[in-house]
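Chains, contacts and geometry: an overview
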Amino acid sequence: DPVPSKDASLDGTSVDVSFFSTSAQKLFVLNEGGMGSNNASLDFLRFSDGKYITGAFKKMNPGVGAGLGDVGNDIAVCGDEVWMVVNNSGIVEVVSALDEVELAAIRVPTPRSIAFDGQYAYVTSWAGAFVTYGADYSITDSKNPKGQVYRINLGTKKVEGSVEVGYQPEGVAVCNGKVYVANSGGISSQLAPNYSYDNTLSIIDAASFKVEKTVGVEVNLKNVYADSKGTVYVTTLGNYYDVHSGLYMFKDGSVSKVSDFVSVSAISGDTVYCMGTDSEYDWSAAHVYRAWSVTDGARKDLSLAITQATPFGLAVLDADTFFVGDAGDYFNPGSVTCYYKGTRRWSISSGVC
(Lines give C-alpha, C1' and ligand atoms only; values in the text may rest on other atoms or scores of the structure.)
Protein backbone atom coordinates (compact mmCIF):
# COMPACT_ATOMS: atom_id res chain seq x y z
CA ASP A 1 0.00 0.00 0.00
CA PRO A 2 1.20 3.55 -0.62
CA VAL A 3 2.78 5.19 2.39
CA PRO A 4 1.01 8.42 3.40
CA SER A 5 3.02 11.62 3.16
CA LYS A 6 4.48 12.71 6.49
CA ASP A 7 2.50 15.95 6.31
CA ALA A 8 -0.84 14.21 5.63
CA SER A 9 -1.86 14.72 9.26
CA LEU A 10 -1.39 18.50 9.10
CA ASP A 11 -4.76 20.21 9.28
CA GLY A 12 -5.63 23.71 8.18
CA THR A 13 -8.43 25.99 7.08
CA SER A 14 -10.70 24.73 4.31
CA VAL A 15 -11.11 26.69 1.08
CA ASP A 16 -13.09 25.82 -2.04
CA VAL A 17 -10.96 24.26 -4.79
CA SER A 18 -13.80 22.48 -6.56
CA PHE A 19 -14.27 25.09 -9.29
CA PHE A 20 -10.91 24.49 -11.01
CA SER A 21 -8.87 21.41 -11.90
CA THR A 22 -5.12 20.93 -11.77
CA SER A 23 -2.54 18.18 -11.80
CA ALA A 24 -0.54 20.05 -9.16
CA GLN A 25 -0.60 18.72 -5.61
CA LYS A 26 0.14 21.92 -3.69
CA LEU A 27 0.51 25.66 -3.90
CA PHE A 28 3.46 26.81 -1.77
CA VAL A 29 3.45 30.27 -0.17
CA LEU A 30 6.62 31.83 1.26
CA ASN A 31 5.98 34.48 3.90
CA GLU A 32 8.80 36.99 4.16
CA GLY A 33 8.27 37.98 7.79
CA GLY A 34 9.68 41.18 9.27
CA MET A 35 13.36 42.11 8.93
CA GLY A 36 15.14 41.12 12.13
CA SER A 37 12.12 39.24 13.47
CA ASN A 38 13.21 35.73 12.43
CA ASN A 39 9.63 34.85 11.49
CA ALA A 40 9.73 33.82 7.83
CA SER A 41 7.38 30.89 7.26
CA LEU A 42 6.13 28.41 4.67
CA ASP A 43 2.45 27.72 3.99
CA PHE A 44 0.85 25.43 1.46
CA LEU A 45 -2.56 24.80 -0.04
CA ARG A 46 -3.23 21.08 -0.51
CA PHE A 47 -5.41 20.70 -3.62
CA SER A 48 -6.65 17.19 -2.75
CA ASP A 49 -8.76 18.40 0.19
CA GLY A 50 -8.63 22.20 -0.06
CA LYS A 51 -6.74 22.62 3.24
CA TYR A 52 -4.57 25.74 3.65
CA ILE A 53 -1.84 24.93 6.17
CA THR A 54 0.24 27.68 7.78
CA GLY A 55 3.72 27.37 9.29
CA ALA A 56 4.44 24.05 7.55
CA PHE A 57 8.24 24.30 7.80
CA LYS A 58 8.16 24.74 11.57
CA LYS A 59 5.60 21.97 12.01
CA MET A 60 7.54 19.47 9.91
CA ASN A 61 10.97 20.43 11.28
CA PRO A 62 10.55 20.96 15.03
CA GLY A 63 14.22 20.21 15.58
CA VAL A 64 15.34 23.22 13.50
CA GLY A 65 15.43 25.64 16.40
CA ALA A 66 15.64 28.88 14.44
CA GLY A 67 12.73 27.95 12.16
CA LEU A 68 12.85 29.08 8.55
CA GLY A 69 14.81 32.21 9.46
CA ASP A 70 14.88 35.92 8.75
CA VAL A 71 13.26 37.33 5.57
CA GLY A 72 12.11 34.73 3.06
CA ASN A 73 12.93 36.35 -0.28
CA ASP A 74 12.23 33.79 -3.03
CA ILE A 75 10.80 30.30 -3.51
CA ALA A 76 10.86 27.82 -6.38
CA VAL A 77 10.04 24.15 -6.94
CA CYS A 78 12.70 21.99 -8.62
CA GLY A 79 11.59 18.41 -9.16
CA ASP A 80 10.48 17.05 -5.79
CA GLU A 81 12.28 19.79 -3.87
CA VAL A 82 11.34 23.29 -2.72
CA TRP A 83 14.19 25.80 -2.60
CA MET A 84 13.74 28.92 -0.45
CA VAL A 85 16.05 31.93 -0.33
CA VAL A 86 16.24 33.40 3.19
CA ASN A 87 17.95 36.74 2.79
CA ASN A 88 18.96 38.13 6.17
CA SER A 89 19.83 34.67 7.53
CA GLY A 90 22.15 34.03 4.57
CA ILE A 91 20.59 30.63 3.88
CA VAL A 92 19.17 28.77 0.89
CA GLU A 93 16.83 26.28 2.53
CA VAL A 94 15.91 23.08 0.67
CA VAL A 95 12.95 20.93 1.73
CA SER A 96 11.05 18.02 0.27
CA ALA A 97 8.09 19.15 -1.83
CA LEU A 98 6.27 16.01 -0.68
CA ASP A 99 6.38 16.67 3.06
CA GLU A 100 8.36 19.91 3.78
CA VAL A 101 11.10 18.03 5.67
CA GLU A 102 14.47 19.81 5.54
CA LEU A 103 17.03 18.38 3.10
CA ALA A 104 19.76 21.03 3.27
CA ALA A 105 20.59 24.53 4.48
CA ILE A 106 23.18 26.12 2.19
CA ARG A 107 25.15 29.22 3.19
CA VAL A 108 25.01 32.11 0.69
CA PRO A 109 25.58 35.74 1.81
CA THR A 110 22.47 37.97 1.55
CA PRO A 111 20.80 35.84 -1.15
CA ARG A 112 17.87 37.26 -3.13
CA SER A 113 16.46 35.05 -5.92
CA ILE A 114 16.91 31.61 -7.47
CA ALA A 115 16.63 29.82 -10.83
CA PHE A 116 17.66 26.40 -12.14
CA ASP A 117 19.04 24.54 -15.11
CA GLY A 118 19.50 20.77 -15.33
CA GLN A 119 22.49 20.62 -13.00
CA TYR A 120 22.66 23.80 -10.93
CA ALA A 121 20.75 26.32 -8.90
CA TYR A 122 21.77 29.93 -9.51
CA VAL A 123 21.28 32.35 -6.60
CA THR A 124 21.71 36.12 -6.77
CA SER A 125 23.42 37.75 -3.80
CA TRP A 126 23.88 41.32 -2.59
CA ALA A 127 27.28 40.16 -1.25
CA GLY A 128 26.75 41.91 2.07
CA ALA A 129 25.64 45.32 0.77
CA PHE A 130 23.76 47.39 3.38
CA VAL A 131 22.95 50.90 4.59
CA THR A 132 22.42 51.86 8.23
CA TYR A 133 20.60 55.07 9.17
CA GLY A 134 20.86 57.14 12.33
CA ALA A 135 18.06 58.80 14.27
CA ASP A 136 18.09 61.82 11.93
CA TYR A 137 17.98 59.56 8.84
CA SER A 138 21.63 60.26 8.05
CA ILE A 139 23.71 57.29 6.92
CA THR A 140 25.88 56.03 9.75
CA ASP A 141 27.36 52.97 8.04
CA SER A 142 27.26 51.30 4.63
CA LYS A 143 28.82 48.72 2.36
CA ASN A 144 28.32 48.60 -1.37
CA PRO A 145 30.20 45.83 -3.18
CA LYS A 146 28.99 44.58 -6.53
CA GLY A 147 26.66 41.60 -6.38
CA GLN A 148 27.36 37.96 -7.06
CA VAL A 149 25.63 34.96 -8.57
CA TYR A 150 26.36 31.73 -6.69
CA ARG A 151 26.15 28.34 -8.41
CA ILE A 152 24.97 25.38 -6.31
CA ASN A 153 25.16 21.75 -7.44
CA LEU A 154 21.63 20.30 -7.29
CA GLY A 155 22.88 16.85 -6.35
CA THR A 156 25.47 17.64 -3.69
CA LYS A 157 23.81 20.85 -2.44
CA LYS A 158 27.27 22.44 -2.41
CA VAL A 159 28.29 25.88 -3.69
CA GLU A 160 30.61 25.48 -6.70
CA GLY A 161 31.63 29.08 -7.29
CA SER A 162 30.36 32.59 -7.89
CA VAL A 163 30.66 35.36 -10.48
CA GLU A 164 30.43 39.13 -10.06
CA VAL A 165 27.51 40.97 -11.68
CA GLY A 166 25.96 44.43 -11.13
CA TYR A 167 24.93 46.21 -7.97
CA GLN A 168 22.31 44.50 -5.79
CA PRO A 169 21.09 41.81 -8.21
CA GLU A 170 17.50 40.63 -7.80
CA GLY A 171 15.77 38.28 -10.24
CA VAL A 172 17.49 35.53 -12.21
CA ALA A 173 16.42 33.27 -15.10
CA VAL A 174 18.13 30.54 -17.14
CA CYS A 175 17.54 29.94 -20.86
CA ASN A 176 19.53 28.25 -23.65
CA GLY A 177 22.77 28.09 -21.70
CA LYS A 178 22.59 31.68 -20.48
CA VAL A 179 21.90 33.04 -17.00
CA TYR A 180 20.11 36.42 -16.98
CA VAL A 181 20.47 38.60 -13.88
CA ALA A 182 18.46 41.74 -13.06
CA ASN A 183 20.61 44.32 -11.25
CA SER A 184 18.69 46.81 -9.09
CA GLY A 185 21.24 49.05 -7.37
CA GLY A 186 18.88 49.33 -4.41
CA ILE A 187 21.76 50.24 -2.08
CA SER A 188 23.72 52.24 -4.69
CA SER A 189 20.77 54.60 -5.09
CA GLN A 190 21.30 55.81 -1.53
CA LEU A 191 25.07 56.28 -1.57
CA ALA A 192 27.58 58.80 -2.90
CA PRO A 193 28.94 59.66 -5.31
CA ASN A 194 26.22 58.85 -7.84
CA TYR A 195 23.09 58.15 -5.78
CA SER A 196 21.80 56.12 -8.71
CA TYR A 197 20.12 52.78 -9.31
CA ASP A 198 21.68 50.12 -11.47
CA ASN A 199 19.90 49.67 -14.80
CA THR A 200 21.60 46.63 -16.26
CA LEU A 201 20.87 43.04 -17.19
CA SER A 202 23.93 40.80 -16.77
CA ILE A 203 24.16 37.82 -19.13
CA ILE A 204 26.31 34.92 -17.91
CA ASP A 205 27.46 32.06 -20.10
CA ALA A 206 26.56 28.99 -18.04
CA ALA A 207 29.30 26.80 -19.52
CA SER A 208 32.19 29.10 -18.62
CA PHE A 209 30.32 30.76 -15.74
CA LYS A 210 31.51 34.21 -16.80
CA VAL A 211 29.64 37.41 -17.65
CA GLU A 212 29.69 37.70 -21.43
CA LYS A 213 27.48 40.79 -21.88
CA THR A 214 25.79 43.59 -19.95
CA VAL A 215 22.66 45.24 -21.37
CA GLY A 216 21.09 48.53 -20.27
CA VAL A 217 17.34 48.41 -19.57
CA GLU A 218 15.87 50.91 -17.06
CA VAL A 219 16.57 51.84 -13.46
CA ASN A 220 15.93 49.45 -10.58
CA LEU A 221 15.45 46.04 -12.22
CA LYS A 222 13.41 43.51 -10.25
CA ASN A 223 12.33 40.23 -11.93
CA VAL A 224 13.56 38.47 -15.04
CA TYR A 225 11.78 35.67 -16.94
CA ALA A 226 12.67 33.58 -19.98
CA ASP A 227 10.21 31.73 -22.21
CA SER A 228 10.89 28.62 -24.27
CA LYS A 229 11.50 30.71 -27.40
CA GLY A 230 14.45 32.55 -25.90
CA THR A 231 12.60 35.80 -25.22
CA VAL A 232 13.61 37.42 -21.94
CA TYR A 233 11.31 39.74 -19.99
CA VAL A 234 12.47 42.12 -17.25
CA THR A 235 10.39 44.07 -14.75
CA THR A 236 11.65 47.31 -13.26
CA LEU A 237 10.50 49.21 -10.17
CA GLY A 238 11.45 52.69 -11.39
CA ASN A 239 12.66 55.37 -8.99
CA TYR A 240 9.36 55.96 -7.13
CA TYR A 241 9.34 59.56 -8.36
CA ASP A 242 9.36 60.23 -12.09
CA VAL A 243 10.29 56.85 -13.60
CA HIS A 244 7.43 54.37 -13.42
CA SER A 245 7.71 50.62 -12.94
CA GLY A 246 7.46 48.63 -16.15
CA LEU A 247 7.94 45.47 -18.21
CA TYR A 248 10.66 45.26 -20.86
CA MET A 249 11.47 42.62 -23.47
CA PHE A 250 14.99 41.55 -24.51
CA LYS A 251 14.99 39.74 -27.84
CA ASP A 252 17.50 39.41 -30.68
CA GLY A 253 19.99 41.59 -28.78
CA SER A 254 17.73 44.61 -28.28
CA VAL A 255 15.49 45.94 -25.50
CA SER A 256 11.96 47.23 -26.01
CA LYS A 257 9.34 48.46 -23.56
CA VAL A 258 6.11 46.48 -23.27
CA SER A 259 4.16 48.38 -20.60
CA ASP A 260 4.22 50.61 -17.52
CA PHE A 261 2.90 49.96 -14.01
CA VAL A 262 4.07 46.49 -12.96
CA SER A 263 3.68 45.84 -9.24
CA VAL A 264 3.90 42.03 -9.28
CA SER A 265 4.41 39.48 -12.04
CA ALA A 266 4.83 35.79 -12.83
CA ILE A 267 5.50 33.55 -15.82
CA SER A 268 3.44 30.52 -16.85
CA GLY A 269 4.58 28.68 -19.96
CA ASP A 270 5.47 31.29 -22.59
CA THR A 271 3.23 33.97 -21.08
CA VAL A 272 4.16 36.62 -18.52
CA TYR A 273 1.34 37.82 -16.27
CA CYS A 274 1.45 41.27 -14.66
CA MET A 275 -0.55 43.33 -12.20
CA GLY A 276 -0.25 47.06 -11.72
CA THR A 277 -2.01 50.33 -11.03
CA ASP A 278 -1.57 53.57 -12.96
CA SER A 279 -1.84 55.52 -9.69
CA GLU A 280 1.24 53.86 -8.18
CA TYR A 281 2.63 57.18 -6.90
CA ASP A 282 -0.60 58.25 -5.18
CA TRP A 283 -0.96 56.41 -1.88
CA SER A 284 -3.73 58.74 -0.65
CA ALA A 285 -6.31 56.80 -2.65
CA ALA A 286 -7.35 53.16 -2.67
CA HIS A 287 -5.69 51.40 -5.58
CA VAL A 288 -7.38 49.17 -8.11
CA TYR A 289 -4.93 46.83 -9.82
CA ARG A 290 -5.39 45.63 -13.38
CA ALA A 291 -4.05 42.38 -14.77
CA TRP A 292 -2.72 41.57 -18.22
CA SER A 293 -0.70 38.95 -20.02
CA VAL A 294 2.15 39.23 -22.53
CA THR A 295 2.98 36.57 -25.13
CA ASP A 296 5.57 37.21 -27.84
CA GLY A 297 5.63 40.83 -26.72
CA ALA A 298 1.91 41.34 -27.33
CA ARG A 299 -0.12 42.57 -24.36
CA LYS A 300 -3.63 41.26 -23.66
CA ASP A 301 -5.92 42.86 -21.09
CA LEU A 302 -7.42 40.22 -18.78
CA SER A 303 -10.32 42.45 -17.69
CA LEU A 304 -9.59 41.58 -14.07
CA ALA A 305 -9.88 44.27 -11.39
CA ILE A 306 -7.98 43.29 -8.26
CA THR A 307 -8.61 45.17 -5.04
CA GLN A 308 -5.71 43.92 -2.93
CA ALA A 309 -4.22 46.64 -0.74
CA THR A 310 -0.55 45.66 -1.04
CA PRO A 311 -0.10 42.88 -3.64
CA PHE A 312 3.26 41.24 -3.07
CA GLY A 313 3.11 37.93 -4.91
CA LEU A 314 1.38 36.34 -7.89
CA ALA A 315 0.97 32.70 -8.91
CA VAL A 316 -0.77 31.63 -12.11
CA LEU A 317 -2.28 28.15 -12.16
CA ASP A 318 -3.78 28.58 -15.65
CA ALA A 319 -5.29 31.36 -17.77
CA ASP A 320 -8.38 31.42 -15.51
CA THR A 321 -6.92 30.88 -12.03
CA PHE A 322 -4.75 33.36 -10.14
CA PHE A 323 -3.49 33.46 -6.57
CA VAL A 324 -2.50 36.88 -5.23
CA GLY A 325 -0.47 37.32 -2.05
CA ASP A 326 -1.21 40.48 -0.09
CA ALA A 327 1.66 41.46 2.22
CA GLY A 328 -0.44 43.47 4.66
CA ASP A 329 2.05 45.07 7.06
CA TYR A 330 5.31 43.94 8.68
CA PHE A 331 3.71 42.60 11.86
CA ASN A 332 0.34 40.97 11.13
CA PRO A 333 -0.66 38.08 8.86
CA GLY A 334 -1.09 38.81 5.18
CA SER A 335 -3.50 36.96 2.93
CA VAL A 336 -3.77 34.77 -0.16
CA THR A 337 -6.71 35.42 -2.48
CA CYS A 338 -7.96 33.22 -5.32
CA TYR A 339 -9.42 34.76 -8.48
CA TYR A 340 -11.16 32.57 -11.02
CA LYS A 341 -12.47 33.73 -14.40
CA GLY A 342 -12.33 37.35 -13.31
CA THR A 343 -14.09 36.82 -9.97
CA ARG A 344 -12.68 36.82 -6.46
CA ARG A 345 -13.60 33.43 -4.99
CA TRP A 346 -12.00 33.44 -1.53
CA SER A 347 -9.28 34.92 0.65
CA ILE A 348 -7.40 33.27 3.51
CA SER A 349 -4.98 34.45 6.19
CA SER A 350 -1.30 33.61 5.61
CA GLY A 351 1.96 34.46 7.39
CA VAL A 352 3.55 37.91 7.76
CA CYS A 353 4.44 39.61 4.44
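Below: a short report on this structure. (Residues numbered from 1 in each chain as written. Predicted model: local features only at pLDDT ≥ 70, side-chain atom pairs only at ≥ 80, totals over all residues. Heavy atoms only, no water.)

The grouping of Y133, Y137 and I139 at the surface amounts to a nonpolar patch, some 360 Å² of accessible area in total. For Y137, the location among the structural elements is in the loop between β11 (130-133) and β12 (139-143). (Patch = residues over 30% accessible without salt bridge, like charges linked within 9 Å, V, L, I, M, F, W, Y side chains within 5 Å. Areas by Shrake-Rupley, 256 points an atom, 1.4 Å probe, with all protein chains shown as cover. Salt bridge = Lys/Arg side-chain N within 4 Å of Asp/Glu carboxyl O. Helix = DSSP H or I, 4+ residues; strand = E, 2+ residues; numbered from the N terminus.)

Generally speaking, soluble globular proteins have nonpolar side chains that are buried together. One finds F28, L42, F44, L68, V82 and M84 to be the most contacted residues of the largest nonpolar core, which totals 17 residues. Among the secondary structure elements, those contributing two or more residues to this core are β2 (26-31), β3 (41-46), α1 (56-60), β6 (81-86) and β7 (91-96). Discounting chain neighbours no more than four positions away, the residues touching V82 are F28, I75, A76, V77, E93, V94, V95 and A97. (Core = buried A, V, L, I, M, F, W, Y, C linked by side-chain atoms within 4.5 Å. Buried < 20%, exposed > 50% of the residue type's maximum accessible area, 1.4 Å probe, protein only. Contact = heavy atoms within 4.5 Å.)

Further remarks concern the environment of I152. Mapped onto the secondary structure, I152 falls in strand β13 (residues 148-153). With relative accessibility at 0%, the residue I152 sits in the buried group. Separated by 73 residues in sequence, I152 and Y225 have C-alpha atoms that sit 20 Å apart. Setting aside anything within four residues of it in sequence, one finds I152 in contact with W83, V92, I106, V108, Q119, Y120, A121, V123, K157, K158 and V159.

Moving on to the sheet that holds strand β22 (residues 254-260). Pairing is antiparallel in the open sheet, where 4 strands are placed in the order β19-β20-β21-β22. The two strands at the open ends of the sheet, each matched to only one other strand, are β19 (221-226) and β22. Taken pair by pair, the neighbouring strands of this sheet meet at an average axis angle of 25°, ignoring direction. Direction of pairing for strand β20 (residues 232-236) relative to strand β21 (residues 246-251): antiparallel, over a ladder of 5 bridges. Residue pairing for β21: V234 is matched across the bridge by Y248. (Pairing = 2+ DSSP bridges. Axes fitted to C-alpha atoms, helices over the stretch in contact; angles between N-to-C directions.)

Attention now moves to the pairing of β7. With respect to burial, β7 is a largely interior element, 6 of its 6 residues being buried. Where burial is concerned, the two faces of β7 agree: the one with I91, E93 and V95 and the one with V92, V94 and S96 are both buried. In terms of strand pairing, β6 meets β7 through 6 bridges, oriented antiparallel. The residue bridging V86 from the neighbouring strand is I91, located in β7. Here β7 folds back onto strand β8 (residues 102-107), and the loop between the two strands holds 5 residues, one of which, E100, carries a positive phi near 65°.

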